[in-house]
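Structural characterization, general
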Amino acid sequence: MLRGFAVAAAAASSSASSTSSSSAASLAAAAKAALARSLYPEIVNDPFAELLARAAGVKELTAAEEREEQEEGWQLEGETSSTLPPPPPRSALSAAAAAFADATLLYATDLVNLEADPKGAEYRQVILLGPGLDTRPQRLGWPAGTVLFECASADAHAVAAAALASDGARQLALEAAAEEEEEEEEEEDEEEEAEEESVFSSFNGSGAPRGRLLRRVVCDVSTEEGRENLGQALFAAGFRAERLSAWCVSAGAFDSNSSSTSSESSNSSPSLDLEALGQLFGAVASCAAFCSFLVGDLPPMTRREAEGVIAGSGLMGSVVAFGSEADEAGSLLWEERGWRVETGEEEEGKAVRWLFVGQQRSRSDAELGILRAFGEAAEEAEGFEDNVS
């Protein structure tokens, strides 16, 4: 299990010229996503979420208050609240997206990809693309040797580093570790199993390296400049494009309507349109090695648009609507809380949020460069033999 992470303030940066307004907007989006996780601890276990949201300036908002706000606009024509179940709150969707990505990333990093390498290759590079304040490096049990690259604005990195290094974060980690120990004792099976240390028991803020590494990369992918320089920023931070990698693309978090939380800042969250999403996925595809893995969520759009964004970058993947009959886990989650479950067949042209998984089936630019170099070397070697003979 996790022994702590070293936080390397990577000198890599997409550019220091990002405007203060875009940085503030990205931070607002990150804060909303963090607060969404804190509202639904039964969906995603993130003891640091509220701390980070408060540090970023978001006002407290209870789940009950948000449901009331959400229900004001969900009635359809001819329907009333007494005849139609309410949809899940927007923050519940954000929390569910985070939980989905958590489980899929951990599953991927436990795999050995035999197709990519005859000897087997592991996903030991994890790239987190989102607005920031991501706590996956601190709260998930990554395998030893994992290097995580979190790409976000400089403001988001500064807020996260300071908050996670605080005494409050350490206290939250201790409480979370104690709760996990109590749950494990209550759920002990008759068969004896090797005890695993809680991921929170070894929490040490933003430091304490022990076989895993977190690199904070200043690169705001909500901006065109950040998307264009994503590869350059990652390479400068030590990313190896010829090696397998697992990517988490939290594009849905950039949608201004992804959460109804309020912030002290008047800046609205940035949004990624189809063109921007295509540019982002294209940047990922150029960096991700053959068989690399992608998971994440997309902002509201039609199924055709969602599938086009992924396929347009040469990636092979599939999309599932949040809480639809096709999304079994989400469907059950919504039913348990009395929220509306969408049908598996979405109405044509209906814009909804999407979960997605995908895999790189082409070679990254770095891999192609290596292949070209080998080809050129082979040609030179053939010419040398001819000259000798």
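What counts, and at which threshold
Residues numbered from 1 in each chain as written. Predicted model: local features only at pLDDT ≥ 70, side-chain atom pairs only at ≥ 80, totals over all residues. Heavy atoms only, no water. Helix = DSSP H or I, 4+ residues; strand = E, 2+ residues; numbered from the N terminus. Buried < 20%, exposed > 50% of the residue type's maximum accessible area, 1.4 Å probe, protein only. Arc of directions from axis to C-beta. Contact = heavy atoms within 4.5 Å. Patch = residues over 30% accessible without salt bridge, like charges linked within 9 Å, V, L, I, M, F, W, Y side chains within 5 Å. Areas by Shrake-Rupley, 256 points an atom, 1.4 Å probe, with all protein chains shown as cover. Salt bridge = Lys/Arg side-chain N within 4 Å of Asp/Glu carboxyl O. Lys, Arg positive; Asp, Glu negative; His and termini not counted. Charge placed at Lys NZ, Arg CZ, Asp CG, Glu CD. Polar contact = N/O pair within 3.5 Å; in protein donor to acceptor, adjacent residues only side chain to side chain. Phe/Tyr/Trp six-rings, centres within 6.5 Å; stacked < 30°, edge-to-face > 60°. pLDDT = per-residue confidence, 0-100. Axes fitted to C-alpha atoms, helices over the stretch in contact; angles between N-to-C directions. Parallel < 35°, antiparallel > 145°, perpendicular 65-115°, else oblique. Left-handed = near helix turned anticlockwise from the far one by under 90°. Nonpolar A, V, L, I, M, F, W, Y, C, P; charged D, E, K, R; others polar. Disulfide = S-S within 2.5 Å.

**A few points about unusual backbone geometry**
Although it is not a glycine, leucine 133 sits at a positive phi angle of roughly 55 degrees. The phi angle at cysteine 291 is positive, at roughly 80 degrees, despite the residue not being glycine. Structurally, cysteine 291 is set in the loop between α10 (274–287) and β8 (293–301).

**Overview of the environment of glutamate 325**
Tracing the backbone shows glutamate 325 in the loop between β9 (315–321) and α12 (328–336). As for glutamate 325 and glutamate 342, which are separated by 17 residues in sequence, their C-alpha atoms are 6.5 Å apart.

**Description of α12**
The complete set of buried residues in α12 reads Gly330, Ser331, Leu333 and Trp334. Projected down its long axis, α12 shows its buried positions confined to an angular sector of 165 degrees, all on one face. In α12, those exposed residues whose orientation departs by more than 90 degrees from the buried face are Glu328, Ala329 and Glu336. In this structure, the buried side of α12 is in contact with α4 (90–109). A positive phi of about 75 degrees marks glycine 338, the residue just after α12.

**Side note on a negative patch on the surface**
Side chains of Glu175, Glu179, Glu181 and Glu182 sit close together on the surface and give a patch of like negative charge. Mapped onto the elements of the fold, glutamate 179 is located in helix α7 (residues 167–186).

**What to know about the side chain of glutamine 360**
Within the fold, glutamine 360 resides in strand β10 (residues 352–360). We classify glutamine 360 as buried; its relative accessible area is 2%. A polar atom in the side chain of glutamine 360 sits 2.7 Å from the backbone oxygen of alanine 285. Beyond its immediate chain neighbours, meaning those up to four positions away, glutamine 360 contacts Ala285, Ala288, Ala289, Phe290, Cys291, Ser292, Leu294, Gly314 and Leu315.

**Describing the pattern of salt bridges**
In the structure shown here, the tally under the stated rule is 12 salt bridges. The partner of arginine 139 in a salt bridge is aspartate 46, and the shortest N-O contact between them spans 3.5 Å. You can see arginine 139 sitting in helix α5 (residues 136–139) and its partner aspartate 46 sitting in the loop between α1 (20–39) and α2 (49–55), a full 93 residues away along the chain. Of the residues examined, aspartate 46 reaches a relative accessible area of 7% and is grouped as buried. Here arginine 136 and aspartate 134 are joined by a salt bridge, their closest N and O atoms 2.8 Å apart. Within the structure, one salt-bridge network assembled from shared partners comprises Arg37, Asp46, Asp102, Asp134, Arg136 and Arg139.

**Considerations on the packing of aromatic side chains**
Under the defined criterion, the tally for this structure stands at six aromatic pairs. Ring centres of phenylalanine 239 and tryptophan 247 lie 5.7 Å apart, and the angle between their planes is 75 degrees; this geometry places the pair in the edge-to-face category. Residues phenylalanine 239 and tryptophan 247 agree in their burial class; the two are buried. By way of ring pairs, the aromatic residues Phe149, Phe235, Phe239 and Trp247 are connected into one cluster.

**What about the confidence of the model for the protein chain?**
Mean pLDDT over the protein chain stands at 76; residues scoring 70 or higher make up 71%. A low-confidence stretch, residues 1–19 stays under pLDDT 50, and its non-local contacts, those more than four residues away or across chains, total 68 contacts. Within the model, the stretch residues 67–82 combines pLDDT values under 50 with 21 contacts to residues more than four positions away or in other chains.

**A word on the packing of α10 against helix α11 (residues 303–311)**
Angle between the axes and distance between the axes are the two parameters that describe a pair of packed helices. The interhelical angle for the contact between α10 and α11, taken along N-to-C directions, is 30 degrees, at an axis separation of 8 Å. One finds that α10 runs roughly parallel with respect to α11. Handedness of the α10/α11 crossing: right-handed. Across from Leu274, Leu277 and Phe281 in α10, the residues of α11 making contact are Glu305, Val309 and Ile310. Of the residues belonging to the contact of α10 with α11, the class tally is five nonpolar, no polar and one charged.

**Describing the state of the cysteines**
On inspection of all chains with the given rule, the structure shows zero disulfides. A disulfide-free cysteine, cysteine 151 has its sulfur positioned 5.2 Å from the sulfur of cysteine 219, the nearest such atom. Residue classification places cysteine 151 among the buried residues on the basis of a relative accessible area of 1%. No disulfide involves cysteine 287; its sulfur sits 9.3 Å from the nearest other cysteine sulfur, which is in cysteine 151.

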